[in-house]
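Results of the structural survey
Residues per chain, in single letters:
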Amino acid sequence: MMAKDRLIFPLDVPNNEEARKYVTLLGPHVGVFKIGLELFVSEGPAVVETAADLTDAGIFLDLKFHDIPATVQRAIRSASYLSRTDFVTVHCDQGRSLLETIVDEVSVYTKVLAVTVLTSLDTSDLLALGIQPEFAEDPVQLVLRKAVIAKAAGCSGVVCSGREVSAVKREFGGDLIVVTPGIRPAWGEVKEDDQKRVVTPYSAIKNGADYIVVGRPIRTASDPVEAAARVVEEIEQGLRDRQQ
Ligand code: C5P
């Protein structure tokens, strides 16, 4: 696996035309394109085929399924385009049976990633949601608890912030892929940022993340290709320092 293969670029754009633009521009510089709610809701399933046809990079369908198992099961059975995706996400919060349903339904080529605690949430948000203070004050414990459920259900990996990566890797090693969003390079400012539990590409990778999701620091850079290359350099440095 090359360093760039670990970089996931989210296609957080409103339409197919913009998506094509970024897939063409960044295709040689990133490992995976992530299709999320904005693009999927506006363009529909065809966008998965469009992106997959344009690039050799992986495709990550980030719909973060979150409903009763029967509903999600039917949704997946009617989603033939899922066979072209390398990753798909589900929220941990509906418990083990929903995770198992998805693992059972997707093809062996699609890896199921369980979303633990969104990186946009901090302690005060978690307390307001009724999460016990011992977990709200230390999201690492909450993430680990959810990772245990994800692993038991047969998920391939989890999504968590860079602050929890080392704890998850200590616990599960290579048994769980860790994908980390909420990445902010020291050199890239994001205006009106909603991400709270953020880390740099270097530290996420050094701490063990298998993949990082980097959106706005690349998309809003004056030169997105150069920004992607800088992120890949940090990934390389993080991998080197991880081995020491
Ligand atoms: O780097 P930036 O903040 O722009 O990345 C935003 C992307 O990260 C969005 O596509 C969002 O869905 C994704 N994300 C995620 N999991 C989180 C937080 C953000 O996949 N916990």
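This text follows the structure it describes.
Everything numeric in this text was worked out from a predicted model, so none of it was measured.

Before going further, it helps to examine the overall build of the protein chain. Counting secondary structure elements, the protein chain contains twelve helices and eight strands. On C-alpha atoms alone, the protein chain measures out to a radius of gyration of 17 Å, which is about the 18 Å that the 2.2 N^0.38 rule sets for 244 residues. Seen through its principal axes, the protein chain has C-alpha atoms that stretch 45 × 45 × 35 Å. The burial tally for the protein chain puts 52% of its 244 residues in the buried class. Long-range contacts, defined as pairs at least 24 residues apart, comprise 69% of the intrachain contacts of the protein chain with a sequence gap of at least 6. About 11200 Å² of surface is accessible on the protein chain, with carbon and sulfur atoms providing 48% of the total.

It is worth spelling out the sheet that holds strand β1 (residues 7–10) at this point. Spatial strand order, β1-β2-β3-β4-β5-β6-β7-β8: eight strands in a closed barrel with parallel pairing. Strand-to-strand twist across the sheet, computed as the mean angle between neighbouring axes with direction ignored, equals 25°. Bridging between β1 and strand β2 (residues 32–35) involves three bridges; their strand directions are parallel. From the neighbouring strand, I8 faces β2, where its bridge partner is V32. Together, β3 (58–65), β4 (87–91) and β5 (111–115) form the strand contacts of helix α5 (residues 96–105), whose direction differs from that of β4 by roughly 160°.

Around the ligand, 15 residues are found, and the nearest of them are D12, K34, R184, G215 and R216. Within the side chain of K64, a nitrogen or oxygen atom sits 3.3 Å from an oxygen atom of the ligand. Here an oxygen atom of the ligand and a backbone polar atom of G215 are 2.8 Å apart. When the ligand is considered free in solution it has 470 Å² of accessible area, and contact with the protein chains removes 87% of it. Mapped onto the shell around the ligand, the elements with two or more residues apiece are β3 and α11 (216–219). The residue inventory of the shell around the ligand, partitioned by class, reads six nonpolar, three polar and six charged.

Here the focus is the environment of Q73. Relative to the elements of secondary structure, Q73 occurs in helix α4 (residues 69–77). Since its relative accessible area comes to 25%, Q73 is described here as partly exposed. With near-sequence residues (within four places) excluded, Q73 lies in contact with T101 and E105.

Right, let's get into the nonpolar core. If you look at the biggest cluster of nonpolar residues, it comprises 71 residues, and the most contacted ones within it are L7, L11, I35, I102, I212 and I218. In terms of residue count, helix α8 (residues 139–153) provides more of this core than any other element does, seven residues in total. Residues in contact with I102, not counting those within four places in the same chain, are F65, V72, I76, V90 and V112. With eleven residues, the next largest nonpolar core counts I8, V159, I177 and V179 among its residues.

Reading guide: rules and limits
Residue numbers restart at each chain and count upward from 1, following the sequence in its written direction. Local features are withheld for residues below a pLDDT of 70 in this predicted model, meaning they are given only at 70 or higher, and side-chain atom pairs are given and counted only at 80 or more; totals for whole chains, interfaces and linings count all residues. Excluded from the side-chain calculation are hydrogens and water; included are all heavy atoms of the structure. Think of it this way: any DSSP run of H or I at least four residues long counts as a helix, any run of E at least two long counts as a strand, and we number them from the N terminus. Radius of gyration: C-alpha atoms only; globule rule: 2.2 Å multiplied by the number of residues to the exponent 0.38. Burial here depends on accessible area, computed with a 1.4 Å probe over protein chains only, as a share of the maximum for the residue type. Under 20% is buried, over 50% is exposed, and the range in between is partly exposed. Any two residues having at least one pair of non-hydrogen atoms within 4.5 Å are treated as being in contact. For the area figures, the Shrake-Rupley method with a 1.4 Å probe applies, and any residue is considered shielded solely by the protein chains shown. In short, DSSP must find at least two bridges between two strands for them to pair. Fitted lines through C-alpha atoms serve as axes, helices being fitted only where they are in contact, and the angles separating the N-to-C directions of these axes extend from 0 to 180 degrees. One heavy atom within 4 Å of a molecule or strand makes the whole residue count as near it. Polar contact criterion, stated in full: a pair of N or O atoms within 3.5 Å, where within protein one must be able to donate a hydrogen and the other to accept it, and residues adjacent in sequence count only if both atoms are side-chain atoms. Side-chain classes follow a simple rule in which Ala, Val, Leu, Ile, Met, Phe, Trp, Tyr, Cys and Pro form the nonpolar group, Asp, Glu, Lys and Arg form the charged group, and the remainder, Gly included, forms the polar group. Definition of nonpolar core: a set of buried residues of the types Ala, Val, Leu, Ile, Met, Phe, Trp, Tyr and Cys, connected through side-chain atoms within 4.5 Å.

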